[in-house]
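The lines below spell out each chain.
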Amino acid sequence: MPPKRRLSATSGGDDGEEDGVSKEQVQEPGRKKKKMDPGQQMQAVFDFIRKYKKEDGAELCGSMVRVPNKRSDPGYYDSIENPIDIMKIQQKLKTDEYDTMDDLKVDFELMVSNTKQYYKRGSPEYRDAQELHNLLGKAVESVMAGEDPSQTLGDREDSDLGEFLEELFGAVMIAADSAEPSRQLNIVFQLLPSKKRYPEYYEHIPEPMDLKNVAEKIQRGQYKEISELEKDLQLIFSNARSFNEPGSQIYKDAGVLSKLVKSRAADCVASLVARQARGSRSSRRQSRQVYSQGIAALQYEDSDSESDEDSDMEDMEGSSDPLWKLYTAVRNFTTERGVEIAEVFLSLPSKRELPDYYQTISQPISLNQIRRKIRNGEYPTLQHLGEDMDIMFNNCKTYNRQDSKLWKDGNKLQKVMNTKLEELLDGGGEEISAPSTPAPEKVEVEVKKSSPKEPKDPKDQLKKRLKILFNSIYHWANSDGIQPIGVFLEKPSRKDYPDYYDIISEPIDMNMIESRIKSNQYKSEEELLADCKLMFSNCRLYNEEGSGIYEDANILERILLAKAREIGVLAGDRMRNIKRKAISLQQKVKTLYDTLKDYRDAKGRQLSLIFLKLPSKHEYPDYYDIIKRPIDLEKISSKIRNNMYETMEDAVADFTLVFDNAAKYNEPDSQIYKDAQTLARLAHQTVRHLTEDGDGIPDAKAACGDILNSIYTTMFTAQDSEERCFADSLAEVQEHDEVNGKKVRALSLEIIKRRVDRGLYKRLDLLQRDVFLVLERARKLSRTDSQIWEDSVELSKRFISARDQYTENGARLKSNALEYTLEMLEMSVQASKEGKAGTEVAEEENNDGMLETGTQAWSGMNNGMQYNVGDFVYVSAPEIGADPQIYMVERLFEKNGANSIWGGQFFRQRETFHVPTRTFFEKEVMRGDLHSAIPISTVLGKCYVMPVKDYHKYKPVGFEEKDIFVCEWRYTSKQRNWKKIKPTAFWEPPSHIKIVLREKPLEPKRIASVFKDRIEKHKEEIEELEALEKTVQEDIPENLKWVKEGENDGLVYWEQYTIPGPITLRRGDHVLVRGENNRNMVAQIDTMWTGQDNMAYFHGPWFVTPSEIPSQLGRTYFKAEAFLSSISDSNPLLSVVGKCSVLDMTEYTTLRHTQHTESDVYCCESLYDEGKRLIMPLNGNLKKYQLSATVQKDEVYVFKRTITPEKETLAPATPRTVSSPMLDNEDSMDAPPSVGSVESASPAPMKKKFDRKKLVTAYILFSADVRKITMDENPGVKFGEISRIVAERWRQMTDADKQVYAERAKKVNEEKEKEEIRKEAERIRMEEERKRNPPPQVPSPGPVNAPPSPLAKTRHDSGGLKLEPLFHSVPPRPQRLLHSEAYIKYIEGLNKDSRSMCNWDRQLNASQEIVRTPDESKLPVSWLAGNTGEHATSMEALWALRDFMLQEALGVVKIM
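A quick note: this is a predicted structure, and the numbers were derived from the prediction, not measured.

Draft legend 1. View of the overall build of the protein. Across its full length, the protein holds 42 helices and 35 strands. Of the contacts formed within the protein by residues at least 6 apart in sequence, a portion of 66% connects residues at least 24 apart. Within the structure as shown, the protein displays about 81100 Å² of accessible surface, and the carbon and sulfur contribution to it stands at 50%.

Right under this line is the structure:
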């Protein structure tokens, strides 16, 4: 036999003619028919099969090259009788053991049969064997026909395309989040969204595509070029960005993957070209992982449906098959309320939404899968079916919490299944509808009437009363027959409401209460009432106040308590002893953080994702130019973990800063802006619930803010029957007013909205003032027959209606604003109409300006160019050198012989006002709101604007690319508002313009804004807007005089008076008066007056708190209790640093003044006698003041339910020093303590140690240096904000700079300690001196430098008790009395030679010439602030300052 010759790729390329085929007829030499001997044919088939590659580059027969080793896999030889592999076939070919092609084919088929017999169906080896079997027949036919199979079938040996397709696809599959490497970016793109859950996706996306579709096309070999795969991948990511909001996580992931695909596709194309040029293969790709195969095998969520269940259910009807009976018993089981609870077990959870389910559950299975297995006959016995159902229910119980509804439903169905299974196994054939262990029964309303006598057992009697209480709310229905108890039967789903279990520490529902009744867990009725009250309290804590479920909880609680009183359970109100658990500050802040972080909207979007991290400085450098104090949620989380928040207000300030930054940087119509506003409102609502103290005291300020927000939102979003917003027309009102020849921006509804969103309005009357100011201005500037006039009137009515609704006509919020009624509004509007009637000229409204006299239609032909309605034209710009403007032709007309076009303008990017973060398509224009008549002489030519939905795929015929623009947004130039145009709201192309497909779709490409070039131009305007948005101007009330009867002392008395701050004070107000150690005292203003020196004073009683009086053994106090002191005093009004509120118990439990925080609210029901040091009952209530109608009144929030404050025992504390500002600093002498004596009654003087708590730190010195500068740099910023800025600057200092301050602090503390030691020695000396020489009785000199009190003759009688004087003369026996430092110095300064304590002549005659100059380094040069003015030296400047203070400030002048 001649030697065999393999058929190469070039065989058959010989010249000449064979088999009647000429050379000219043959295009490819490899496809020439050529006679070969049988040996060559068999070798050709073997070589083709041996070298054939799969799509991933691996050899198709790779698993069949050698049979398994007997030692490692002996089972192979037990099942395979005639083992054979590729190597054995090759050996038989070499030894010429095959006579014909059929012999070779038999061995190949035997090898394929062995492989399919040993390996499982669906395994890679099985699939390879099946493909080889199909390929073998085709290869044999090709060779027998004289063809090269590598040409006709393709041997894939050189098919590098498949490898590079897999490489590009694999790049997507392995891409991970750079910030969180464990998170794969491809997960959400693997499968299309469910059509059932997201039908809107398929309405919005015309070409849905996912990675599964792409993988299937790779597996089928449908991609002929890498660019085709790249196009499909880009389509996936483009769809994601089109459907999802910018800034969302999926939008960002799509952008990252899009860039990755574009980069890797270019690399793959270049590598493929290089490889084809080399003609060689790279071995490095042979072991590359194939991802497309696994992704192609994924199943869609909707595939596990009940599409064919109806037919199965028909087959089940009347079926005697026990398998179907068991399935039906579980599938159709219903509770006593008629609810089918098996629905959730029909299909497995979504892999997209719950990927961790498949990590936790190793054998997932659903009822649909069980149904298919029954239909396919895969269950040999009932026990096998029962095992699968057990697995399904155990999976449910493993994954879900035991107290969840799913866990309970699974447990209940499992009992149903086991009961039915036992019945069927025992031979029972009837179906059941309820388990042997039934669901909890409804508790009967009454005890069974068949019982002849009431149960005497106390347990039975208790259970009877518990059932009565339970049924009182379980069966209660309203007038419409609705039973509100339904929502309380089971706790919310942990899956649907995860934040519920973060906010509610003790969840409970009616089923739990019912179970406890049945199991006799309640020892008394109070325990059941406590559980029910906890359930309703949980409801109120989690749900928004005023919601339906919130009100249902209140109603059911009232019904329960009424029933309890009816049966004698609440003989005394024992419910007062039920306390809510206190929550620590850190727990509250953590709860607030988790609530905001986990919040999802109705679509399931987690709104907080965009706020977790700050924008990249590389991608958004301008963010850090605009936002001066950047912060994100992760930074807040870090501060929470480190316990850095000292108050809830600090935490709320940081959260608010996050959302304010987002609102400042993003457009008002952007999704991020809206999400920020949503989370900000959620934050305030959550804080309002969390800040309720142990007595359940609502946060009045937060509740008032919610009411104001609701009122304004209702008014601002009001629409007519055509869904037109009334507020939209007000955007046409001019933005500026002219004041003294200058343009001043006027207040607008949009600015008020920003203020409301920021919570700047604290009073309803201020909000109403500003809203009506805007609406009245709009009416003033418009005609009475205009749309603006009508809308402004309607908005005014809507505001009043919403105001009355949310304030409950004053029952919830009391305000002067409620005095303005609809009747008063109608009178005001009618008066405005009458005032305009004489000035308005009747004219026909002409919106488009085209119905002018003397106009007629025009054909549109001009200089050989035809213009039609619907065309887009270039119009010369008014600015020289600027791009031409773009208009859409709406009408063609001629007037006075001049042809014109009436058109609507489309704005270019630089013609709009937008934030610098907005991006645009390269040739994007915005549809505007301006229309004008355009002379045809200014028209430069035609262009065309396409909707964004068509621009990238289509183009108009006859236009160059430079003249084709894209439009996506509508821009309102007057309001500067952006609104995306709906797909159905775009214009249709005119009939004369043909739209065709592009040869190659354009890739969407966005460019950055040109805003940065215009920042300087609009800088002043932006600052003006920000200033208006950040502050609410409050009118300072005028000072109102008060006529005091019977007084003629030359003093001016005031009923209302405003001091710098400004702080407006009225008679009866409670104020905080500046005291020592930065602690304020509480006083009440009974009388205010100004004297001849124009200084303002007030007189009134003091209030003291439990910590300021000696400990009362065994006495308990309310949490915020104050006592009316028996001492009244006169003080300067300038000593008032703020206002507070002291209420009697009736008011304290029912209302709050909205301007006060809860920490500044006290309750008072007792009087403290300073002389006797006793607490006594207050006779009657606190004094009430009748003020005139012109005095500004506080707004009052009324609680929805009366609170019950609880008393507690205070730990012994050292009373703090309380001093009158008129008496400056006080020290102790021998007399009884006055208001808040600082020292105890111990007679023996103790050595006073240096108080380490008062050490001066490096930061205190730094703050003293920097705070003033910071306040000058940030005018109008609050004290807390200044403190944070100073702290931030301290943190940014270097260690060396901090060390300088530390050295200074150390030196100051050393000097301070020395001074304390000196004072202590002096005090001991004075104490000993007093013991030797007791001071004489001296009358109190009264306030130093203060005018005589107008009440010196008639003191204010507080509580009906006779008041004692502030100072007592020293009795014979030494007692402890609190005196001022001035009085002590006065006593010490008295001597026999002088009647005064100071040498006034020497001080008045002192001058720089006769007084010895001390060490200049110790002079207070800091008073001069480094500026000596016109004086040569600091010494001269200080002497000038001394002379000025004596003469001008103190009024001390030497009389010659």
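Draft legend 2. View of the packing of helix 14 (residues 322-331) against helix 16 (residues 367-375). One can describe the packing of helix 14 onto helix 16 by two numbers: an axis separation of 11 Å at closest approach and a directional angle of 165°. Accordingly, the angle class assigned to the pair helix 14 and helix 16 is roughly antiparallel. Of the two elements, helix 14 crosses helix 16, and the hand of that crossing is left-handed. Contacts between helix 14 and helix 16 involve Leu323, Trp324, Tyr327, Val330 and Arg331 on the former and, on the latter, Leu367, Ile370, Arg371, Ile374 and Arg375. For the contact of helix 14 with helix 16, the per-class residue count stands at seven nonpolar, no polar and three charged.

Draft legend 3. Main features of the pairing of strand 1 (residues 736-739). Pairing of strand 1 with strand 2 (residues 742-745) involves four bridges; the strand directions are antiparallel. Directly across from Glu738, in strand 2, lies its bridge partner Lys743. The hairpin turn running from strand 1 into strand 2, its antiparallel successor, is two residues long, and Asn740 in that turn takes a positive phi close to 55°.

Draft legend 4. Up close: the packing of aromatic side chains. Using the criterion set out here, one finds 36 aromatic pairs in the structure. With centroids separated by 5.4 Å and ring planes inclined at 85°, the aromatic side chains of Phe189 and Phe237 adopt a geometry described as edge-to-face. Of the two residues, Phe189 is situated in the loop between helix 7 (160-174) and helix 8 (199-204) and Phe237 in helix 10 (residues 226-243); the sequence distance between them amounts to 48 residues. Where Tyr357 meets Tyr399, the ring centres are 5.0 Å apart and the plane angle is 75°; that geometry is what we call edge-to-face. Residue Tyr357 is located in helix 15 (residues 355-360), and its partner Tyr399 is located in helix 17 (residues 382-399); the two are separated by 42 residues in the primary sequence. The exposure class of Tyr399 is partly exposed, given its relative accessible area of 24%. Three or more aromatic residues link up through ring pairs in this structure, and these residues are Phe872, Phe906, Tyr944, Phe959, Phe986 and Trp987. Over the ring of Trp1042 we find Arg1067; its NZ or CZ atom is 3.9 Å from the centre of that ring. Directly above the aromatic system of Tyr1148 lies the positively charged group of Arg1152, at a separation of 4.2 Å from the ring centroid.

Draft legend 5. Geometry of the pattern of salt bridges. Applying the stated criterion across every chain yields a total of 46 salt bridges. Residues Lys980 and Glu968 are paired through a salt bridge, measuring 3.6 Å at the closest nitrogen-oxygen approach. With Lys980 in strand 15 (residues 977-980) and Glu968 in strand 14 (residues 964-972), this pair connects stretches of sequence that are twelve residues apart. Among the residues examined, Lys980 registers a relative accessible area of 46% and is labelled partly exposed. The exposure class assigned to Glu968 is buried, which follows from its relative accessible area of 9%. Between Arg1323 and Glu1320 there is a salt bridge, and its shortest N-O distance comes to 3.2 Å. Of the two residues, Arg1323 and Glu1320 are both situated in helix 39 (residues 1295-1332); the distance of three residues between them amounts to about one turn of the helix.

Draft legend 6. Up close: the nonpolar core. Formed by 54 residues in total, the largest nonpolar core has its most connected members in Tyr712, Leu749, Ile752, Leu767 and Val771. The residues contacting Leu749, other than those within four sequence positions of it, are Tyr712, Met715, Phe716, Ala727, Leu730, Val774, Leu775 and Leu795. Grouped together as the second largest cluster of nonpolar side chains are 33 residues, Ala175, Leu211, Leu233 and Ala254 included.

Draft legend 7. The arrangement of the side chain of Gln905 in detail. The residue Gln905 is located in strand 9 (residues 898-907) in this model. A distance of 3.5 Å separates polar atoms of two side chains, one belonging to Gln905 and the other to Tyr887.

Draft legend 8. Molecular detail of a positive patch on the surface. There is a patch of like positive charges on the surface, built from Lys674, Arg970, Lys979 and Lys982. You can see Lys979 is positioned in strand 15.

Draft legend 9. Quick look at the side chain of Glu557. For Glu557, the position within the fold is in helix 23 (residues 548-566). Those residues within four positions of Glu557 in sequence are excluded, and the remaining contacts are Lys533, Phe536 and Arg540.

Draft legend 10. Layout of unusual backbone geometry. The peptide bond linking Gly1061 to Pro1062 adopts the cis configuration, its omega dihedral lying at -10°. Assignment of secondary structure puts Pro1062 in the loop between strand 19 (1052-1059) and strand 20 (1063-1066). Backbone geometry at Asn643 places phi at a positive 55°, although glycine is not the residue there. Within the secondary structure, Asn643 is located in the loop between helix 26 (633-641) and helix 27 (648-665). With phi around 55°, Asn809 is a residue other than glycine that occupies positive phi space. With respect to the helices, strands and loops of the structure, Asn809 is situated in the loop between helix 32 (787-806) and strand 3 (813-814).

Draft legend 11. The arrangement of the sheet that holds strand 32 (residues 1196-1198) in detail. Spatially, three strands are ordered 3-32-28 in an open sheet, and the strand pairing comes out antiparallel. Unpaired on one side and paired on the other, strand 3 and strand 28 (1151-1153) mark the two borders of the sheet. The pairing of strand 3 with strand 32 spans two bridges and is antiparallel. Within the sheet, the bridge partner assigned to Lys814 lies in strand 32 and is Val1196. On the sheet, helix 29 (residues 700-716) packs against strand 3, strand 28 and strand 32 and is oriented at approximately 95° with respect to strand 32.

Draft legend 12. Looking closely at the confidence of the model for the protein. Here the protein averages 77 in pLDDT, and 78% of its residues register 70 or above. Within the protein, the lowest mean pLDDT, 36, falls on strand 34 (residues 1226-1229), and the highest, 94, falls on strand 7 (residues 872-875). Here residues 1-34 is modelled with pLDDT under 50, and outside its nearest four sequence neighbours on either side it reaches 45 contacts, counting other chains as well. Below a pLDDT of 50 lies the segment residues 280-287, which in the model reaches 20 contacts outside its immediate sequence neighbourhood of four places, other chains included.

Draft legend 13. A look at the environment of Asp770. Tracing the chain through its elements places Asp770 in helix 31 (residues 764-780). Linking Asp770 and Ile752, residues 18 residues apart in sequence, is a C-alpha distance of 7.6 Å. If near-sequence neighbours (up to four positions away) are discounted, Asp770 is found in contact with Leu747, Ile752, Arg755, Tyr761 and Val1032. Polar side-chain contacts of Asp770 include one of 3.2 Å to the side chain of Arg755.

Draft legend 14. Looking closely at the packing of helix 29 against helix 31. Where helix 29 meets helix 31, the closest approach of the two axes is 10 Å, and the angle between their N-to-C directions is 20°. Here helix 29 is positioned roughly parallel relative to helix 31, judged by the angle of their axes. For the element pair helix 29 and helix 31, the recorded crossing hand is right-handed. Two secondary-structure elements touch here, helix 29 through Leu708, Ile711, Tyr712 and Met715 and helix 31 through Leu764, Leu767 and Val771. Classifying every residue of the contact of helix 29 with helix 31 gives seven nonpolar, no polar and no charged.

Draft legend 15. Layout of the environment of Ser472. Note on placement: Ser472 falls in helix 19 (residues 458-474). Ser472 gets classed as buried once you look at its relative accessible area, which sits at 13%. Each C-alpha atom, one on Ser472 and one on Leu560, is 6.4 Å from the other, the two residues being 88 residues apart in sequence. For Ser472, the side chain forms a polar contact with the main-chain oxygen of Leu469, separated by 2.5 Å.

Draft legend 16. Broad picture of the environment of Gln219. Along the polypeptide, Gln219 turns up in helix 9 (residues 211-219). Measuring from C-alpha to C-alpha, the distance between Gln219 and Gly162 comes to 9.2 Å, with 57 residues separating the pair along the chain. Polar side-chain contacts of Gln219 include one of 2.8 Å to the side chain of Ser292.

Draft legend 17. Spotlight on the pairing of strand 9. Most of strand 9 sits out of view: nine of its ten residues are buried. For strand 8 (residues 885-895) and strand 9, the ladder comprises nine bridges, and the chain directions are antiparallel. Across the sheet, the residue bridging to Tyr887 is Gln905, located in strand 9. Counting the residues between successive antiparallel strands, the hairpin from strand 8 to strand 9 contains two residues, one of them, Asn896, with a positive phi of roughly 55°. Across seven bridges, the pairing between strand 9 and strand 11 (residues 924-935) is antiparallel.

Draft legend 18. Spatial organisation of helix 16. Listed in full, the buried residues belonging to helix 16 are Leu367, Asn368, Ile370, Arg371 and Ile374. Looking straight down helix 16, one finds that the buried residues subtend no more than 160° of arc, so they occupy a single side. Phi turns positive one or two residues past the end of helix 16, at Gly377, with a value near 70°.

Criteria and thresholds
- Residues numbered from 1 in each chain as written.
- Predicted model: local features only at pLDDT ≥ 70, side-chain atom pairs only at ≥ 80, totals over all residues.
- Heavy atoms only, no water.
- Helix = DSSP H or I, 4+ residues; strand = E, 2+ residues; numbered from the N terminus.
- Contact = heavy atoms within 4.5 Å.
- Areas by Shrake-Rupley, 256 points an atom, 1.4 Å probe, with all protein chains shown as cover.
- Axes fitted to C-alpha atoms, helices over the stretch in contact; angles between N-to-C directions.
- Parallel < 35°, antiparallel > 145°, perpendicular 65-115°, else oblique.
- Left-handed = near helix turned anticlockwise from the far one by under 90°.
- Nonpolar A, V, L, I, M, F, W, Y, C, P; charged D, E, K, R; others polar.
- Pairing = 2+ DSSP bridges.
- Phe/Tyr/Trp six-rings, centres within 6.5 Å; stacked < 30°, edge-to-face > 60°.
- Buried < 20%, exposed > 50% of the residue type's maximum accessible area, 1.4 Å probe, protein only.
- Lys NZ or Arg CZ within 6 Å of the ring centre and 35° of its normal.
- Salt bridge = Lys/Arg side-chain N within 4 Å of Asp/Glu carboxyl O.
- Core = buried A, V, L, I, M, F, W, Y, C linked by side-chain atoms within 4.5 Å.
- Polar contact = N/O pair within 3.5 Å; in protein donor to acceptor, adjacent residues only side chain to side chain.
- Patch = residues over 30% accessible without salt bridge, like charges linked within 9 Å, V, L, I, M, F, W, Y side chains within 5 Å.
- Lys, Arg positive; Asp, Glu negative; His and termini not counted.
- Charge placed at Lys NZ, Arg CZ, Asp CG, Glu CD.
- pLDDT = per-residue confidence, 0-100.
- Arc of directions from axis to C-beta.

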